[in-house]
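Single-letter residue listing:
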Amino acid sequence: MRFVDEFREPELISKTAEEIRRLAGTERHYRMMEVCGGHTHAIYRFGLKDILPENIELIHGPGCPVCVLPMGRIDDGLAIAQEPDVIFAAFGDMMRVPGTQGSPLEHKARGIDVRIVYSPSDALKLARLNPDRHVMFFAIGFETTAPSTALTMMRAKAEGIRNFSVFCNHVTIIPAIRAILDSPDMRLDAFIGPGHVSTVIGCRPYEWIAHNERKPIVVSGFEPLDMLQSIVMLLRQLKAGEARVENQYKRVVPWEGNRAALKAMAQVFQLRPYFEWRGLGFISQSALRINDQYAEFDAEQRFEVPGIRVTDPKAAQCGEVLKGVLKPHQCKLFGRECTPEHPIGALMVSTEGSCAAYYNYEHRKAAMVSLSSIA
Amino acid sequence: MLAESALTRFRDPQIEMAHGAGGKASRKLVEGLFAPLLFGAAPGPLGDAAQVDINGTKVAITTDSFVVKPLTFPGGSIGELAVNGTVNDLAVSGAKAEALVVTYVLEAGLSTPVLEAEVRAMAKAARDAGVRIAAGDTKVVEHGKADQMYVTTTGIGRLLPGVTIDPRSVRIGDRILLSGPIGDHGITILLARGELDLEADLRSDTRSVLPLVEALIRAAGPGIRWMRDPTRGGVATSLNELARDCGLGMVLFEDQIPVRDTVRGACELLGLDPLHIANEGQFLAVVSSEYADAAINALSLAPGGSEAQVIGEVREQPAGTVLVTTLYGGSRIVDMLVGDPLPRIC
């Protein structure tokens with residue numbers, strides 16, 4: 001398969017892994033954070049930890065939009081879903097995320113009209129097909145998905161569609177990275193920069209990480225070879241005492257980003273003064289709301305929103321895992337009360353969440369290794 | 001004696017779509033509620049068909065319901081699935097389907113030509129598979145209380161000589177065989193729904209696997225330990241069940257697993273794993289290592305078996321688990337399907 005197999009070529013992968021071992025040496029420990037949940041998923045899916053030397057530690061970052069969404073927002077969205085004639089539309093990733101009264105899927109089983117859509121424009125299509133109903137799109141995601149939500153609202157406005165709204169949970173990546181770096185218990189050497197987000201925002205917004213924080217960052221693709229090459233680039237910078245923004249994912253990410261997408265976002269959204277992130281707390285100017293010109297499509301203005309705030313279960317240590325302070329299996333609930341079938345924290349729900357990735361691909365492997373090392 | 005309620009372990013408050021998806025939730029429902037109340041406390045490993053002793057003659061029996069949406073799709077339709085699905089459940093249990101009983105649940109308002117086309121499809125599939133449709137029943141429910149039509153087939157089969165299927169007979173060093181490319185059915189259905197604006201030249205793999213199973217038994221009968229058709233939940237779920245039942249590790253070689261490029265492409269785009277996607281015309285077999293070559297040769301020469309492959313082997317570790325290894329030395333655990341990526345595929 002073109003554009004995939006080239007980046008999974010065993011011989012090249014082995015050679016790159018060899019280069020990583022050579023550069024990493026044995027003297028020091030390297031802590032690198034992959035910001036994006038897609039990278040976390042890829043690391044586990046391709047078993048990359050098996051081929052990296054032990055002194056390279058990958059810390060899973062906050063870049064999984066489902067994972068950072070506070071439970072109260074899900075409750076708010078599902079409260080609107082119970083209004084008469086409302087169709088609740090969301091990406092498949094959202095369907096099993098628990099609210100206090102159950103997940104969207106559990107609401108569907110109870111008769112609430114919950115639909116999976118693959119894009120916001122599919123939700124708009126639903127609105128056109130169901131003129132007697134109101135379709136509310138539960139929007140999540142970083143700058144990756146925000147432009148398509150914006151374009152859909154622009155389309156809805158142009159077509160004069162009145163039975164469509166968006167419950168906006170879009171967040172922005174840079175403030176989250178800043179919050180991580182500001183966290184006192186965080187020690188990081190370098191960042192593997194998000195790939196998909198950067199197709200929209202480009203590489204410039206990361207420059208402060210290199211200049212002010214003196215941490216190298218390499219924007220990376222998602223195939224095994226992409227990620228290994230990014231680690232090589234980071235190691236070379238670290239060895240040379242440099243801190244720069246580099247773009248490994250040039251085949252997709254333009255340095256300046258996607259101007260058309262940024263323009264669409266600017267037309268429809270404005271920054272919220274602050275927004276709550278699950279595990280990270282309130283972060284100022286870290287999320288988007290729908291601006292006044294598009295107020296008619298803003299579900300938070302059209303409907304009574306309860307504004308529910310839910311504190312995470314005390315025993316769950318999602319925040320520490322999200323910041324990379326704890327590994328998923330070090331959480332007290334991991335694999336016991338909290339599993340992919342019965343997730344307590346959102347990190348266990350999304351396939352991009354580090355707990356689910358670790359549970360699905362790794363934890364029995366870890367158990368096996370520890371058993372064999374005892375024997 | 002324990003009260004019956006003490007035997008049930010199913011604690012989910014309501015039935016969700018995932019309970020019908022063939023993965024973990026389905027298994028919990030069967031093992032936690034159905035099996036303890038219907039079969040007694042410890043039914044042992046649950047196969048695709050049961051064996052019943054009638055006056056000293058053993059026969060295999062199984063049943064399957066079909067609720068696929070849409071009713072027709074490239075490569076097949078609900079009628080064909082309903083025949084092949086039950087024929088295949090018997091085949092991988094080491095039995096040749098002799099007779100089927102059919103139940104239709106029809107929604108008032110279903111057009112007669114649609115029904116007739118499906119009945120014709122069933123008749124043809126039954127002829128092709130060499131099985132007789134012996135009896136049937138029809139129920140009609142109000143418009144809106146079912147989705148066009150549902151079909152249930154119950155099959156009774158004669159045990160094929162020369163083979164015993166038992167997950168507990170699987171040994172370290174056995175080879176894991178797959179009859180051909182995976183994921184065609186599930187992805188075809190997903191695309192046929194037309195919700196994705198994706199198109200691909202792909203057909204469901206629905207067919208009777210009996211001829212391939214018979215070829216395998218002729219060539220490697222004494223070496224066959226276990227067979228299963230990986231329908232809902234895919235290869236990953238079937239092998240996880242085996243791993244659990246035999247307590248050994250199933251190690252797969254990713255580069256040996258046949259997957260068409262269209263299926264791989266769709267899975268890449270949608271974030272799905274082909275190992276979790278349903279199949280309707282493939283089967284898995286575990287064969288002792290000394291019979292593996294003969295088994296693959298026989299399958300490759302049989303019609304429709306040219307893409308059969310050894311995809312992995314049974315090892316002591318990781319016990320009770322399926323591990324996929326890559327050519328470059330990475331590995332990952334593949335669990336049963338959790339949740340329900342593709343509702344109502346069969």
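The model shown is predicted, which means the values in this text are computed figures rather than measured ones. (Residues numbered from 1 in each chain as written. Chains lettered and ligands numbered in written order. Predicted model: local features only at pLDDT ≥ 70, side-chain atom pairs only at ≥ 80, totals over all residues.)

Draft legend 1. A look at the overall build of chain A. In terms of helices and strands, chain A carries 16 helices and 13 strands. Since a compact globule built from 375 residues should have a radius of gyration of about 21 Å, the 21 Å found for chain A is in line with a globular shape. A burial count over chain A gives 53% of its 375 residues as buried. Contacts spanning at least 24 positions in sequence make up 76% of the contacts within chain A whose residues lie at least 6 apart. (Helix = DSSP H or I, 4+ residues; strand = E, 2+ residues; numbered from the N terminus. Rg over C-alpha atoms; globule rule 2.2 N^0.38 Å. Buried ≥ 20, exposed ≤ 12 C-beta atoms within 10 Å, placed from the backbone. Contact = placed C-beta atoms within 7 Å.)

Draft legend 2. The arrangement of the interface of chain A and chain B in detail. Contacts between the two partners involve 27 residues from chain A and, on the opposite side, 27 residues from chain B. Within the residue set of the side of chain A that touches chain B, elements represented by two or more residues are helix H1 (10-24), helix H2 (37-45), helix H3 (48-51), helix H5 (104-109), helix H15 (354-361) and helix H16 (363-374) of chain A. No other element matches the four residues that H16 of chain A contributes to the side of chain A that touches chain B.

Draft legend 3. Here's a closer look at the confidence of the model for chain A. In this model, chain A carries a mean pLDDT of 90, and residues with pLDDT of at least 70 account for 97%. Counting contacts from residues 369-375 of chain A, a segment whose pLDDT is below 50, to residues more than four positions away or on other chains yields one contact. (pLDDT = per-residue confidence, 0-100.)

Draft legend 4. Quick look at the nonpolar core. Met32, Ala89 and Phe138 of chain A together with Val213, Leu216, Ala285 and Ala295 of chain B are the most contacted members of the largest nonpolar core, which has 210 residues in total. Residues within four places of Val213 of chain B in sequence aside, it is in contact with Ala91, Val92, Met227 and Phe283 of chain B. (Core = buried A, V, L, I, M, F, W, Y, C linked by C-beta atoms within 7 Å.)

Draft legend 5. Region of interest: the domain arrangement of chain A. All names here are of chain A. When its domains are assigned, chain A resolves into domain 1 (5-63 + 174-247), domain 2 (71-172 + 257-302) and domain 3 (318-374). Relative to domain 2, the C-alpha centre of domain 1 lies at a distance of 31 Å. At the level of elements, strand E2 (56-63), helix H8 (173-182) and helix H9 (196-201) are the ones that each hand at least two residues to the side of domain 1 that touches domain 2. Sorting elements by how many residues they give to the side of domain 1 that touches domain 2 places H9 first, with five residues. (Domains from an automatic or database assignment.)

Draft legend 6. The arrangement of H2 of chain A in detail. Burial of H2 of chain A is extensive: nine of the nine residues sit out of reach of the surface. A positive backbone phi angle near 60° is found at Gly47 of chain A, which sits one or two residues after H2 of chain A.

Draft legend 7. Up close: the pairing of strand E11 (residues 284-287) of chain B. All names here are of chain B. A two-sided burial pattern is seen for E11, the buried positions comprising Leu284 and Val286 on one face and Ala285 and Val287 on the other. For strand E8 (residues 175-178) and E11, the ladder comprises four bridges, and the chain directions are antiparallel. By the bridge assignment, Ile176 is partnered in E11 with Val286. As paired strands, strand E9 (residues 224-228) and E11 are joined by four bridges and run antiparallel to one another. Within E11, the residue paired with Trp226 across the bridge is Val286. (Pairing = 2+ DSSP bridges.)

Draft legend 8. Examining the packing of H2 of chain A against H15 of chain A more closely. All names here are of chain A. Viewed as axis vectors pointing N to C, H2 and H15 meet at an angle of 10°, and their least axial separation amounts to 9 Å. Classified by the angle their axes make, H2 and H15 are roughly parallel. Between H2 and H15, the residues in contact are Thr40, His41, Tyr44 and Arg45 and Ser354, Ala357, Tyr358 and Tyr361, respectively. Tallied by class, residues from the contact of H2 with H15 come to four nonpolar, three polar and one charged. (Axes fitted to C-alpha atoms, helices over the stretch in contact; angles between N-to-C directions. Parallel < 35°, antiparallel > 145°, perpendicular 65-115°, else oblique. Nonpolar A, V, L, I, M, F, W, Y, C, P; charged D, E, K, R; others polar.)

Draft legend 9. Molecular detail of the environment of Arg218 of chain B. Considering the arrangement of structural elements, one finds Arg218 of chain B in helix H6 (residues 210-220). The exposure class assigned to Arg218 of chain B is partly exposed, which follows from the 14 C-beta atoms found within 10 Å.

Draft legend 10. Molecular detail of the sheet that holds strand E13 (residues 322-325) of chain B. Residue and element names in this part refer to chain B. Strand order in this open sheet of seven strands is E9-E11-E8-E12-E10-E13-E14, and the pairing throughout is mixed. Here the strands that pair on one side only, and so sit at the sheet edges, are E9 and strand E14 (331-333). With direction set aside, neighbouring strand axes in the sheet form an average angle of 25°. Most of the contacts of H6 go to E9, to which it runs at about 170°, and overall it touches E9 and E11.

Draft legend 11. Region of interest: the domain arrangement of chain B. All names here are of chain B. According to the domain assignment, chain B consists of domain 1 (46-159) and domain 2 (167-333). If you average the C-alpha positions of domain 1 and of domain 2, the two centres end up 24 Å apart. Listed per partner, the contact involves 19 residues of domain 1 and 18 residues of domain 2. At the level of elements, helix H3 (78-91) and helix H4 (112-129) are the ones that each hand at least two residues to the side of domain 1 that touches domain 2. In terms of residue count, the dominant contributor to the side of domain 1 that touches domain 2 is H3 (eight residues). For the side of domain 1 that touches domain 2, the residue count by class is nine nonpolar, five polar and five charged.

Draft legend 12. Examining unusual backbone geometry more closely. Residue and element names in this part refer to chain B. Between Lys69 and Pro70 the backbone carries a cis peptide bond, its omega angle lying at 0°. Its place among the elements puts Pro70 in the loop between strand E2 (57-66) and strand E3 (72-73). The backbone of Asn55 shows a phi angle near 50°, a positive value even though the residue is not glycine. Turning to its location among the elements, Asn55 is positioned in the loop between strand E1 (50-54) and E2.

Draft legend 13. The arrangement of the confidence of the model for chain B in detail. Here chain B averages 91 in pLDDT, while 95% of its residues score no lower than 70. Scoring of the predicted complex yields 0.85 for pTM and 0.77 for ipTM.

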